[in-house]
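Structural characterization, general
Each chain, letter by letter, is given below.
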Amino acid sequence: MMSLPRVVITGVGLASPNGNSLPEFRQNLLAGVSGVKPWTIRHVGETQAGQCDFDALRWQKRKELRRGTRAGSIGIWCAGEALKDAGIDLDQRDRARVGVYVGTTEHGNVETENQIHEVAQYQFDLSYWSHHHNPRTVANNPAGEIALGFGITGPAYCIGAACAAGNLGLVHGAQMLQLGEVDLALCGGVSESIHTFGIFASFRAQGALASHADPAKASRPFDRARNGIVVSEGGCLYALERLEDAQRRGARIYGEVAGHCVNSDASDFVLPLAERQNECMRGALARAGIAPHEVDLVSSHATATPLGDQQECEALRAVFGDSSRTHVNNTKSFIGHTMGAAGALELAGNLPSFEDGWAHATINVDDLDPACEVRNLVTNQPRSLGRIDTILNLSFGMLGINSAVVLRRFCA
Amino acid sequence: MNRAEIIQSIVDIIHTIAPDEDVSDLKTDVRLREQIELDSMDFLDIVMELRKRYGVHVPEEDYKELATLDGCVAYLSPKLQGKSLKVGV
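All residue numbers here refer to positions counted from 1 along the written sequence of the relevant chain. Chains and ligands are labelled by the order in which they are written, letters from A for the one and numbers from 1 for the other. Reporting in this predicted model follows two pLDDT cut-offs: at least 70 for local features of residues, and 80 or more for side-chain atom pairs to be given and counted; totals over whole chains, interfaces and linings ignore these cut-offs and use all residues.

Let's shift gears to the interface of chain B and chain A. Of the residues lining the interface, 8 residues belong to chain B; the matching set on chain A comes to 8 residues. Each residue gets one of three labels, nonpolar for Ala, Val, Leu, Ile, Met, Phe, Trp, Tyr, Cys and Pro, charged for Asp, Glu, Lys and Arg, and polar for the others, Gly among them. Classifying every residue of the side of chain B that touches chain A by side-chain character gives 5 nonpolar, no polar and 3 charged. Contacts are defined on C-beta atoms placed from the backbone: any two residues whose C-beta positions lie within 7 Å are in contact.

Turning to the sheet that holds strand S6 (residues 184–191) of chain A, a few remarks are in order. Residue and element names in this part refer to chain A. When DSSP locates at least two bridges between a pair of strands, those strands are taken to pair. For the purposes of this entry, the term helix denotes a DSSP run of H or I that reaches at least four residues, the term strand denotes a run of E that reaches at least two, and both are numbered from the N terminus. A sheet is described by the order of its strands in space; here 10 strands give the open sequence S5-S4-S6-S8-S1-S9-S15-S14-S10-S11, paired in mixed fashion. The open sheet has two edge strands with one neighbour each: strand S5 (156–160) and strand S11 (327–329). Direction aside, the axes of adjacent strands within the sheet are offset by 25 degrees on average. Both strand S10 (residues 297–299) and strand S14 (residues 390–397) contribute to a ladder of 3 bridges, which runs parallel. Bridge assignment links Ser299 to a residue of S14, and that residue is Asn393. On top of the sheet, helix H7 (residues 165–178) reaches strand S1 (7–15), strand S4 (98–104), S5, S6, strand S8 (234–242), strand S9 (255–264), S14 and strand S15 (401–408); it is set at about 170 degrees to S6, its chief contact. Relative to S14, helix H13 (residues 342–350) is tilted by about 160 degrees, and along the sheet it contacts S1, S4, S6, S8, S10, S14 and S15. Lines fitted to the C-alpha atoms define the axes, with helices restricted to the stretch that makes contact. Angles between their N-to-C directions range from 0 to 180 degrees.

The next subject is the environment of Asn2 of chain B. In this structure, Asn2 of chain B sits in the segment before helix H1 (3–17). Spatially, the C-alpha atom of Asn2 of chain B lies 15 Å from that of Asp12 of chain B, the residues being 10 residues apart in sequence.

Our next topic: the packing of H1 of chain B against helix H3 (residues 40–54) of chain B. Helix-helix packing is characterised by the crossing angle of the two axes and by the distance between the axes. All names here are of chain B. Where H1 meets H3, the axes come as close as 10 Å, and the angle between the chain directions of the two elements is 130 degrees. In terms of orientation, H1 lies oblique with respect to H3. Where H1 crosses over H3, the handedness of that crossing is right-handed. Along its contact with H1, which presents Ile13, Ile14, Thr16 and Ile17, the element H3 presents Asp42, Asp45, Ile46 and Glu49. In the contact of H1 with H3, the residues fall into 4 nonpolar, 1 polar and 3 charged. Here the word oblique covers every angle except those under 35 degrees (roughly parallel), over 145 (roughly antiparallel) and from 65 to 115 (roughly perpendicular). Crossing chirality is assigned from the near helix's rotation relative to the far helix, an anticlockwise turn below a right angle marking it left-handed and a clockwise turn marking it right-handed.

Structure (structure tokens):
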């Protein structure tokens, strides 16, 4: 295989239902704090969702906030925070050499629903249809808003990859750095999906929308009583650089993107397939040049659908069943499913384990489903593993897209 | 609506559309776009708000009439006759 430049994470910007910075997010994951709350949305009524509450005006003017989308605003927040965290001043950089790669599960539903709701008040007189509709709904909107917000003139676009999109943003950013297309990648994923009733209605129609009397217990992957997905908003963008560039400027290095794999089930619109997930995990490990028993922590994708969790656990048992070293956890149990942001955000919550040696838990596992038993599943309480060198981050999505990313503790 | 109310209605719409701008002391005889930052999308927002708040339809060929506050008063006076001011909506 050809030799490619090493790529490292030098900054993290995030908006999560339970934290607006990596330290806050990590602290709440270790403390078992859920971010899922009651949520009301038109036509669906009362439901539950993970909601973000960050100070958008830190990085946007009020007019920009009004003109743009929620996904754009989340993206701008994450980009600003990632740049700040990385200690990068764009005024000192060539903005044409910065790439913005944002994973999205879907984009445009929110604004389209809003506009239809609006013109319905006027008997569908389309002279009331907003001129903002197209710029808000184009598929590159969140990335474009980030480029506009920070004056970035390099490539900026979105990557549609269902619920694997956060990982895909990260993978694509790493690839563009390796190809020499850019010198800095702001990459990951965002989601505004809690603002579209259609997402909730569709999951409900599919029998896959979670509900629980206590919102904090609604998202319960691997539990026998799990009953579906908690839809959440969120975002996470990484500042990614080639290792030599990061070292030259003395950047703090969170970890190295050591390998990745993306493949497709080619079997069903919605049902996952353990066999392809297995191949995807093994593909990422092969790319990183490691064996399953060298993985310390697997950040699972499990969304708390009955069949999805089962399929993933089957794949995990097949790949890691012989590895006593490998532990498995799940972030959605805390924050729900942040859709396009999930892959990036869930990895972020685990990144500090390189420093502190802890695996955060999977909460809400009151009665482990025997079909979801996997070796070293970290349930309900965080576990100290002593030292964590390698994380495998999994994200799968509809239409059968699978992704796996290997992050390694940085060693010069 | 009288002249003062029409000016108030336009200023209120601009304040909604361009919330970062200081609209407290706009001159009535100077083009709005020379006094505050308004682009073509903002201008379309003003037209949309007039439609939503007052049912006034401004055809594209008349957009130029709204360049100044004085222009707005001259153009909108007959259209807003008998209508009541709506601000902060």
